[in-house]
Every structure is written in structure tokens, then in C-alpha cells.
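Observations on chain architecture
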Amino acid sequence: MKILVPIKRVPDYEAKIKVKADGSGVETQDIKWIVNPFDEIAVEEALKLKEAGQATEVIVVSIGPEDTTQQLRYTMAMGADSGVLVKTDEYVDSDLASRILVEVFKKGGYGLIIMGKQAIDSDASQTPQLIAARLKVGQACFASKVALEGDSVTVTREVDGGLETIKIKCPCVVSTDLRLNQPRYASLPGIMKAKKKPLEELTLESLGVEAKTKLKVHKMVPPKSRQGGKKVDSVVALVAALKNEAKVI
Amino acid sequence: MSNVLVFVQQSEGKISKVTKCSITAATEIKTQIKTQGGAPKIIGACFGPGASAAADEALTFGFDQVYFSEAPELKNYLSVPYSEALLTAASEGGCSIVVSPATTTGKDLMPRVAVGLEAGQASDIIGVNSDGTFKRPMYAGDVIGDVEILTPNKVITVRGTAFAPAEGSGAKGSKSELTVSFNKELMGEFVSYETSASERPELSDAEVIVSGGRALKSSETFMQMMAPLADVFGAAIGASRAAVDSGYAPNDWQVGQTGKVVAPSLYIAVGISGAIQHLAGMKDSKVIVAINKDPEAPIFEIADYGLVADLFEALPQLVEEVKKAKG
């Protein structure tokens, strides 16, 4: 079985995100770009399935500008067999991403798509489900455990109030939650090997996808800052403040 | 037709609090459409065992109509049959806008509904603007964006903490049973559900939350220290990602960007340094208390009351003092 792992290039989660003065977007000049952490977990899970002999090939795909090859190479250094870059410099919303990834999926004869449950920049948590719906296949989102058995996959999902386990038929889409696994680091030999692995470049035109989004972000602003910083010097003073000032006791 | 459909989440015939918050958001969306010249109805849909009783409760919140189905295919939540049921309700009710709480179920379900309606989706909205756009957090809450959905049909998931729960009044609408044709081939199979429910309130419903970090040292000491504090407040227990990753607390106690987003009246952060990801999940709490040994911990910058102290000394004392204060 071939596994397709879509990955997204996002700003480092430790970076302080600053909104541009005109509100048109965020400052990206000094940003360090990384693979969306949830997608890294997806790559790891696909590699594990391959190492267990349950998958034959792991292909990573990303959508973005030329520089995104760096993130694709990184996941190839982790062990993915090859990569696909769908090149665009334009804003891509979840819906457009899903339409692009559906076309990539259709080209390859894949049995499974594994990807992060959300990207830590747009925080939308839509693309995996949109892909599944467009392909008319099943989905198992927020996975904390994945077991492939024959032509179906049993997934334990992290849901409000507990853990839910479902079984769906392949092909299907699995989205990964935080604690599915601990992604490996790219090794030095892995990095050397990755340089020679195939990386195909595609465009929206070559895939026959119309470059139209369903969302438009008009203005970005920083959130209202919270006035905090007051210190109390003892437990007794804290309880007195909570009772008499904040009136929450 | 531009009616507004609300996915009413219910369990055993009772409507969830976050659904009530979503009804408030839907009412604001109705007003938004009215200012643009429309006159939409608000329609509800609830599914699964107890849906009929939940529909009766839903009607008290001013719905014009509530669809329900207790079909066996909807016994447990599965994305495919639930999206088919919701799309059927949207079609019967002439709805072009579908609103759902941004719970794990809502997040899982709504993109499938969006594809069925060829609609754009705004996730996790925290505000409804009069110009037709929606406010939503991005970048772990470091950015608030005004987002426009460009398609005539629209799908919206709602962050419950950003809207007050709707108050019930007299029912005026009516309920009707929905007949859905299911694609059984695609449905998938529900295997099991393992609840982590306890006697304590749910994180998303709690008035008071006490949350522990990695400084709690182990799962045993986590509960030894946090449980008495939770008990004295009748609070829910939360945890930082670091504490969950270290195995001190179950996964679904995690508060933060990728866990639960909460906004209780009182949030007590114990031994939590205050990473951006954690702050994204709790900074809208009314009163924040931080107890940490490190005076430089970033959590103090947003805390209303900071106490620099060793939690293992401060917590037992805090429990005693709160008991006294409560009389």
C-alpha cells in the first residue's frame, strides 16, 4: 500500500508572531519555517507502517512556494521515499488545499492519506475531512492509535471526554493528534540520501485545479492584551484577594 | 432560501452547554443577515438516542423548527451518517448556513457538510461582524483574523467560550422527524468508547478550573496535590501539554491550542510556566491565578494574581485557607 502524507510549511511554534502594521498578514521576514508538527507525526506514522511491512511507499506532498522543498527534503530525510511540490505563491485556504491534494491522490493509486489534524498557523482543522468528503471515503480524525489490518484501519480518536475507536475501509484519510507517536529526527545519512530522492514539481494548472479560494482574510490584528502581572506575597493574601477583590470565592 | 441550521449536540436528550453558546452565535448571524436584507429562520437538528427529547428542549431556545432522527445509523457519532443527516436537514429546511459547536465532533463533521454544500467554512469563530465577516483566532491566538466566506452557502463552527449560552423561553416552533437515506457502504464501524468522565465537572462547562504542569513531578503527586484543590472549589482539573506528555494527566485534560479552550470564572495554573500554546487555551478566563516557583515564568505576565512559591508547600495551605474563607 502506498501512503500519501501531505505536509504544510508553517512558522516555528516558538516564534513570536507579529501582525503587519497594515493588518494584511503576519511578518514572515525573520521567521524560521518548519514542518507543521502534526504533519511530522503523520510522516512518522507512515514510516512506521512501512517498517512494519504494511506499506510499500511513503510519498510526501506539500503546497507552497519554491522554498517549501526544504520541508519536503526534511521529511524525506526522516525516511519518506519521494516528494511532490505543488508550487504556488498565492494564498491557499483549506478548501483549495483539499482540491489540490485530491488530484495528487488520484494520480498515484494510494491506499491511505495520513496528515496532521490541524496546521498551527491557520488552526482550521478542515483539510483532512474535506479531502475525505471530496473523495467520498471514510475519515478518522484526531488519531492517537492507528492499526492497519487488511483493507481496513482501526483508529483510536481523541474526542471530548475520552477515547473513541472506529474502523473504516481503505482508502481513507487519517488525521493525527499529538500523542500518536514521537517523530524521529532526520539522521545525517538520511539527510544525504534525501538529496538524491525524487522530488516532482507540479502546478495547479498541471493538476487542472482552479486557483480559487472560498475564504478571504480581510484583516488581521493582534489579540487584546491582558492586564496581568500583579503579585501577592502569601497564600493568605491570595485568598483574601480572591474573596474580597475578585469575588470568586 | 437562506435559513440558518444549528447542529444541536445532545447526550441522552440533554443539550450541551456549548450548543447553547452556538445558538447565541446563530442568533447573531441571523441579525447579521437581517441587516443585509434577509429574513432567515433558525432551524435545529439533533441526532442519536434522545434526539426527540432534545428537540423539545431545543424548541425552548426559539428555533422555528427542529429536525430530529433517532435512526439506528445515528446511534454513535460517525462522520459519514451524521453528515448525511445534517445535509438532509439543511436541504429540507432550506438552509444555506450551517452552524455547529467547535467540539471534536463539530470539527470532525462540518467540513464534510461544507463539501456537500460547496460552502466555505470559518472554523472556531469568536465573533460575528455586522459587515458579514467573522472573527477567528489563528496562530495559537496570536492573531485575530476577520474572515469572509465567499460562497453563498456557509459553514461555521463556534468557539463556545466566546458566546454566552442562550437562555430558554417559550417554545413557538415545532419538531419533525427526519428521514435520511444512508450510504451504509461508506459508514464505517463504531468499535468502542472509553470515557474519562469523573465526578468532577467537564472542563468546557466548569466555573472553576485548576490546572497542573510538569512541576507536579509525577502522576501520583499530580492527583495528590490537585484533587484536594479541585474538591474545595468543585472545580474541573486541567493540565499543561508538558504534564500530559509526561503522563501525569490524561490526554483530554490538556488545555491549550491543540487541547481544550476554556474560559472559566477562575483559572488556577499550578506549576505551569505559560507557553504560548497553553495561554491560547485559557487566557480568556475571567480571573487567572498563577502559582509558580520561577518568578520569571511567562504565566505571571497574564495572571491577575501571581504567587511565587513552591507548590508543594503552597497548595495544602491554599486548600485550608479557601475552606476557611468559604466558611
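Quick caveat: nothing in here was measured; it's all calculated off a predicted structure.

Broken down by element type, chain A carries 7 helices and 13 strands. Viewed in the frame of its principal axes, chain A has a C-alpha envelope of about 65 × 45 × 40 Å. A total of 249 residues make up chain A; the buried ones form 48% of that total. In chain A, the proportion of contacts linking residues at least 24 apart, taken out of those at least 6 apart, comes to 69%.

Counting secondary structure elements, chain B contains 9 helices and 18 strands. With the C-alpha coordinates aligned to their principal axes, the bounding extent of chain B is approximately 60 × 45 × 40 Å. If you take every contact in chain B between residues at least 6 apart in sequence, the share linking residues at least 24 apart comes to 66%.

Our focus in this paragraph is the pairing of strand β4 (residues 57-64) of chain A. Residues and elements named next belong to chain A. The buried count for β4 comes to 7 of 8 residues, which makes it a mostly enclosed element. As paired strands, strand β1 (residues 2-6) and β4 are joined by 5 bridges and run parallel to one another. Residue pairing across strands places L4 opposite I59, the latter belonging to β4. Here β4 runs beside strand β5 (residues 82-87); their pairing, made up of 6 bridges, is parallel. Residue pairing in the sheet places I63 in a bridge with V86 of β5. Between the parallel pair β4 and β5, the chain is carried across by helix α2 (residues 69-78), and the sense of this crossover is right-handed.

So, about the packing of helix α3 (residues 94-108) of chain A against helix α4 (residues 127-135) of chain A. All names here are of chain A. Here α3 crosses α4 at 50°, and the two axes come no closer than 9 Å. Considered as vectors, α3 and α4 are oriented oblique to each other. Once α3 is placed against α4, the crossing between them reads as right-handed. Of the residues in α4, those in contact with S94, D95, A97, S98, R99, L101, V102 and F105 of α3 are T127, L130, I131, R134 and L135. Among the residues forming the contact of α3 with α4, the class breakdown is 7 nonpolar, 3 polar and 3 charged.

This paragraph deals with the interface of chain A and chain B. On the chain B side, the residues contacting the 61 residues of chain A number 70 residues. Looking at the side of chain A that touches chain B, the elements that each hand over two or more residues are α4, β7 (138-149), β8 (152-159), β9 (162-169), β12 (215-221), β13 (231-232) and α7 (235-245) of chain A. Of the residues contributing to the side of chain A that touches chain B, the split by class is 30 nonpolar, 14 polar and 17 charged. Looking at chain direction, β13 of chain A and strand β18 (residues 305-308) of chain B are connected through 2 bridges and run parallel. Following the sheet pairing, V232 of chain A is matched in β18 of chain B by L307 of chain B.

Moving on to unusual backbone geometry. The general pattern is negative phi for most residues beyond glycine and trans for most peptide bonds. The omega torsion across C170 of chain A and P171 of chain A is -5°, close enough to zero to call that bond cis. You can see P171 of chain A is positioned in the loop between β9 and β10 (172-176). Even without being glycine, F142 of chain A reaches a positive phi, approximately 60°. Mapping F142 of chain A onto the fold places it in strand β7. Despite not being glycine, K217 of chain B shows a phi value in the positive range, around 80°.

With that settled, the discussion passes to the nonpolar core. If you look at the biggest cluster of nonpolar residues, it comprises 191 residues, and the most contacted ones within it are V5 of chain A together with L5 and V99 of chain B. Setting aside chain neighbours within four positions, we find V5 of chain A in contact with A42, V43, A46, V58, V60, A80, I114 and M115 of chain A.

Let us look at helix α1 (residues 17-35) of chain B. The end-to-end C-alpha distance of α1 of chain B is 28 Å, a good match for the 27 Å that 19 residues give at a rise of 1.5 Å each. Immediately beyond the C-terminal end of α1 of chain B, within one or two residues, lies G37 of chain B, with a positive phi of roughly 100°.

Looking along a regular strand, one sees the side chains alternate between the two faces of the sheet. Residues and elements named next belong to chain B. The element strand β17 (residues 287-292) is largely enclosed, with a buried count of 5 among its 6 residues. Bridge count for strand β16 (residues 266-270) against β17 is 5 bridges, and the pairing is parallel. When the bridges of β17 are listed, I268 appears paired with V289.

Taking strand neighbours across the sheet as the criterion, the 10 strands line up as β11(A)-β5(A)-β4(A)-β1(A)-β6(A)-β10(A)-β7(A)-β8(A)-β9(A)-β13(B) in an open arrangement whose pairing is mixed. The sheet terminates laterally at β11 (199-203) of chain A together with β13 (189-195) of chain B, the two strands that pair on one side only. Averaged over all neighbouring strand pairs, the angle between strand axes comes to 30°, with direction disregarded. The sheet contact formed by β5 of chain A and β11 of chain A spans 5 bridges and is parallel. Directly across from G83 of chain A, in β11 of chain A, lies its bridge partner L199 of chain A. Helix-sheet contacts for helix α1 (residues 37-51) of chain A involve β1, β4, β6 (112-116), β7 and β10 of chain A, and the interaxial angle to β6 of chain A is about 145°.

Turning our attention to the confidence of the model for chain B. In the predicted model, chain B carries a mean pLDDT of 95, and the fraction of residues at 70 or more is 99%. Among the prediction metrics, the complex's ipTM stands at 0.95, with pTM recorded as 0.94.

Below, the discussion takes up the packing of α7 of chain A against helix α9 (residues 311-326) of chain B. In helix packing, the relevant descriptors are the interaxial angle and the interaxial distance, both defined with respect to the helix axes. For the pair α7 of chain A and α9 of chain B, the least separation of the axes is 9 Å and the interaxial angle reads 40°. It follows from the interaxial angle that α7 of chain A and α9 of chain B lie oblique. Like other packed secondary-structure pairs, α7 of chain A and α9 of chain B cross with a definite hand, here right-handed. Two secondary-structure elements touch here, α7 of chain A through V235, V236, V239 and K243 of chain A and α9 of chain B through A314, Q317, L318, E321, V322 and A325 of chain B. Tallied by class, residues from the contact of α7 of chain A with α9 of chain B come to 7 nonpolar, 1 polar and 2 charged.

Thresholds applied
Residues numbered from 1 in each chain as written. Chains lettered and ligands numbered in written order. Predicted model: local features only at pLDDT ≥ 70, side-chain atom pairs only at ≥ 80, totals over all residues. Helix = DSSP H or I, 4+ residues; strand = E, 2+ residues; numbered from the N terminus. Buried ≥ 20, exposed ≤ 12 C-beta atoms within 10 Å, placed from the backbone. Contact = placed C-beta atoms within 7 Å. Pairing = 2+ DSSP bridges. Right-handed = clockwise from strand over helix to strand, strands pointing away. Axes fitted to C-alpha atoms, helices over the stretch in contact; angles between N-to-C directions. Parallel < 35°, antiparallel > 145°, perpendicular 65-115°, else oblique. Left-handed = near helix turned anticlockwise from the far one by under 90°. Nonpolar A, V, L, I, M, F, W, Y, C, P; charged D, E, K, R; others polar. Core = buried A, V, L, I, M, F, W, Y, C linked by C-beta atoms within 7 Å. Expected span 1.5 Å × (residues − 1). pLDDT = per-residue confidence, 0-100.

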